[in-house]
Each structure stands twice: as C-alpha cells, then as structure tokens.
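Residue strings, one per chain:
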Amino acid sequence: MSTRGAFIVVEGLDRAGKTTQVSALQTRLENEGILCKLLKFPDRTTAIGQMIDSYLRSQSELDDRAIHLLFSANRWELASTIEKLLAAGTTVICDRYAFSGVAFSAAKGLTFEWCRSPDVSLPAPDLTLFLDITPEAARSRGGYGEERYEKEEMQRKVREVFRRISSELDEASWVTIDAGRDLDTVADEIWSVSRPFTKGLSIPIQRLWMQ
Ligand code: Z5A
Ligand code: MG
C-alpha cells in the first residue's frame, strides 16, 4: 500500500486550548512543507451544523438523543472527505471528534454504549491528543460560560467519561497532554508527539470502535 496521510484528532475539555493548538500545529506542518487540512466538529457551516449551533446557543430545544444523532450525522457528512484527503497523502487535523460526542451525551445521562453506536465505523484517528485541564483552570480562561454545556458540574462529568473512553482505546493512539501549562510548552509537546505521524503511514485507514 502507498503512503497515506495521518488523521490526528485534538480532544479535551472546554477552554483546554484545542482551537489554539490545532491552529499552531497547522502552522508548524505548513512550515515543514507538509500538506494538511484542518477540520472542526461541530462543523457549524452545514445545514446540520446550523441546527447544532442554534441548540448550543440555547436558541432551540432538542431531545438529548436527537442532538446526539445530529452531532454524529455532522461527522458522517464529512467522513468521505476525510478518507479522500488521507488517501491523497494529506495530514488531517481535527478539532474535536466522536469522543466529544460520547463524552458530552453520556455526561447528560445517556448510556455509554448507546452514545458510541452512531459513530461506530467512522474513520478512526491514528493519534488522539487529549488536552487535559481542571474545570477550575478552564473557567479562568476567556469566553467560558457562553454556551449550553459550559457549567463546572457538567465539565467534571465530561472529564470522567473521557477517562473511560481513553481506558478502552489502544494506549498508543491516545496521548494525554497537560494543557494547564503555557501555550508554547503545550504546542512543543503536541509537535513532538505528532511529528512521527506526519511522515505518512502505510497502514489502511482504521475504523472507529469496530473491535
Ligand atoms: N459537542 C458535543 O456535545 N458533541 C459532539 O459530538 C461535539 C461537540 C463534536 C461546542 O464545541 C460544544 O459542542 C462543546 C462540546 C459539544 N461543548 N461545550 N461546552 P466547540 O468546539 O465549538 O467549543 P468552543 O467554543 O470552540 O470552545 P472550546 O473548544 O471548548 O475551547 P478550546 O478550543 O479548547 O479553547 P481555545 O478557544 O483554544 O482557547 C480558549 C481561551 O483560552 C482563549 O482565550 C485562549 O486564548 C486561551 N488559551 C488557550 N490556551 C491557553 C494556555 N495554554 N494558557 C492560557 N490561556 C490559553
Ligand atoms: Mg474550540
């Protein structure tokens, strides 16, 4: 098989610095001349994404299961694009993915297995960088509290579900990063972990939660 691009996902609690760090990683990849594409979930630009956006800003109400399925559908509408980019040798960096889907909905009380099922067989990340931060430290950062889930009790539960997700995944593909440190220190660690993956991979694209 010829070399393909790597699929790198950045996950974490709110205000852990995901959007800041994916952008820093994109800049480093571009500086090295590595083809890369940055994606973000939820992708609020699609018709489904606009329904999600309205829900997150509390402008509409939806059943917990209905919003969960919309978040998943929002990933499925980009799944073939992700596969094509990877096959063409592009490194795909993604700001949140299916792990956020499970973490937030399970934290609301839906069962873990039910939450995972709509995302089973999506393209699986080759590397997931989990930016870990305490809810207290997150709260002290800019913009906290503007959207629906940004409450400390909810964030604590979300953190617990993320721990369960990581314990059930292959250790090599899930790396926890202490995101409570300064921006450049976190960016340097992300770069050193990601760098080996950016040289391309010769294994097929994996499928999420298929074992
Ligand atoms: N959600 C879901 O329920 N189901 C799903 O399937 C998916 C998502 C995919 C919106 O997501 C919500 O959707 C989210 C999960 C749920 N729930 N909540 N709450 P979003 O990704 O659109 O959320 P966001 O608005 O982009 O926030 P965020 O992602 O949580 O923030 P962040 O990207 O981690 O942080 P940031 O924007 O990079 O940085 C935040 C601030 O901290 C900013 O002022 C930075 O300058 C500052 N910052 C960043 N790094 C540092 C360091 N190292 N030190 C100090 N200050 C820093
Ligand atoms: Mg963000």
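Refer to the structure presented above.
Residues numbered from 1 in each chain as written. Chains lettered and ligands numbered in written order. Predicted model: local features only at pLDDT ≥ 70, side-chain atom pairs only at ≥ 80, totals over all residues. Heavy atoms only, no water.

Summing up its helical and strand segments, the protein has eight helices and five strands in all. For the protein, the sequential pattern of α-helices and β-strands runs β-α-β-α-α-β-α-α-β-α-α-β-α. Scaling as 2.2 N^0.38, a compact globule of 211 residues should have a C-alpha radius of gyration of about 17 Å, and the protein matches this with 16 Å. Taken along the three principal axes of its C-alpha coordinates, the protein extends 45 × 35 × 30 Å. When contacts within the protein are restricted to residue pairs at least 6 apart in sequence, long-range pairs at least 24 apart make up 82% of them. On the protein, roughly 9800 Å² of surface is accessible, and the fraction owed to carbon and sulfur atoms is 51%. Separation of charge centres in the protein, based on 27 positive and 31 negative side chains, amounts to 1 Å. (Helix = DSSP H or I, 4+ residues; strand = E, 2+ residues; numbered from the N terminus. Rg over C-alpha atoms; globule rule 2.2 N^0.38 Å. Contact = heavy atoms within 4.5 Å. Areas by Shrake-Rupley, 256 points an atom, 1.4 Å probe, with all protein chains shown as cover. Lys, Arg positive; Asp, Glu negative; His and termini not counted. Charge placed at Lys NZ, Arg CZ, Asp CG, Glu CD.)

This part takes up the site of ligand 1. Around ligand 1 sit 28 residues, and of these Asp14, Arg15, Lys18, Thr20 and Lys40 come closest. Here an oxygen atom of ligand 1 sits 2.7 Å away from a polar atom, N or O, in the side chain of Arg15. Here a nitrogen atom of ligand 1 sits 3.0 Å away from a polar atom, N or O, in the main chain of Arg181. In the complex, 83% of the free accessible area of ligand 1, which totals 1100 Å², lies under the protein chains. Taken together, the residues of the shell around ligand 1 sort by class into nine nonpolar, seven polar and twelve charged. (Near = heavy atom within 4 Å. Polar contact = N/O pair within 3.5 Å; in protein donor to acceptor, adjacent residues only side chain to side chain. Nonpolar A, V, L, I, M, F, W, Y, C, P; charged D, E, K, R; others polar.)

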